[in-house]
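The primary structure of each chain is shown beneath.
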Amino acid sequence: NAYTAEATFSNGEKRAITGAWLLDEDRDLAVLQIATGLNPFVPLPMATALPERTDAVVAFGHPQGFAFTTSTGIVTSTYRSDQVPEPYRDELTAPADNMWIQTNAAISGGNSGGPLLNMQGQVVGINTWIGKDRPDMRFATYVGNLQTILRDAPKQPVSLAQSTGMSGEVRQVMAKYITQAE
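So, how was this worked out
Residues numbered from 1 in each chain as written. Predicted model: local features only at pLDDT ≥ 70, side-chain atom pairs only at ≥ 80, totals over all residues. Heavy atoms only, no water. Phe/Tyr/Trp six-rings, centres within 6.5 Å; stacked < 30°, edge-to-face > 60°. Helix = DSSP H or I, 4+ residues; strand = E, 2+ residues; numbered from the N terminus. Buried < 20%, exposed > 50% of the residue type's maximum accessible area, 1.4 Å probe, protein only. Core = buried A, V, L, I, M, F, W, Y, C linked by side-chain atoms within 4.5 Å. Contact = heavy atoms within 4.5 Å.

Trainee: Go over the packing of aromatic side chains with me, naming the residues and quoting the values.
Mentor: A full pass over the atoms with the stated rule returns four aromatic pairs. Look at Trp 100 and Trp 129: their rings are 5.9 Å apart centre to centre, the planes differ by 85°, and that puts the pair in the edge-to-face class. Of this pair, Trp 100 sits in strand S6 (residues 99-103) while Trp 129 is found in strand S8 (residues 123-131), placing the two residues 29 residues apart along the sequence. In this structure, Trp 100 and Trp 129 share a single accessibility class: buried. Ring plane angle 10° and centroid distance 4.1 Å describe the contact between Trp 129 and Phe 139, whose orientation is recorded as stacked. Of this pair, Trp 129 sits in strand S8 while Phe 139 sits in strand S9 (residues 134-142), and the two are 10 residues apart along the sequence. In this structure, Trp 129 and Phe 139 share a single accessibility class: buried.

Trainee: Describe the nonpolar core, with residues and values.
Mentor: Grouped together as the largest cluster of nonpolar side chains are 21 residues, with contacts concentrated most on Val 57, Ile 101, Leu 116, Val 124 and Leu 146. Elements supplying a minimum of two residues to this core: strand S3 (29-34), strand S4 (56-61), S6, strand S7 (115-118), S8, S9 and helix H2 (143-150). Discounting residues that sit within four places of it in the chain, Val 57 has contacts with Ser 71, Thr 72, Gly 73, Ile 74, Val 75, Thr 103, Ala 105, Leu 116, Leu 117, Met 119 and Val 124. Counting eight residues, the second-largest nonpolar core is a separate cluster that includes Leu 92, Ala 94, Trp 100 and Met 137.

Trainee: Talk me through the environment of Leu 92; I want residue IDs and the actual numbers.
Mentor: For Leu 92, the position within the fold is in the loop between helix H1 (88-91) and S6. When near neighbours in sequence (up to four residues on either side) are disregarded, Leu 92 contacts Ser 81, Val 84, Trp 100 and Trp 129.

Written out as structure tokens, the structure is:
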């Protein structure tokens, strides 16, 4: 039942999460609105093409409670959800056309939601999951999946404090993301 969350930046600055532009539970993606602050920040640019096998990448995240870490690696392969080998495919709820980037960059619990960048500093993916019982099988959802759903984003974000006009299903999804963010 959490309806508040905040984002912490590497310089220690904290800003409230004030709303959500979109939530896509099947693709495990959310775009949240962050309150403005004294110091403006510039979002990282998104890549416009799927990375190729052997492209160098950097994974950012907070694995196992370590804040703001990076790890390097390469893209080892890319798959659509319907191409992911079983039993991993059975674990996915993403649509069949969702693209996944497999990488050997270290990704573990706490990296989820962090960016996977190419060497030009562009976001190519969002760190998402590791293989069940196979921590060496690491995946990021391709940023193109996010770009696809952003086209249908509402004109205004849904306020986190808003208690009316939000369906029970959206409220449950929102609570899931907020709880994970805290």
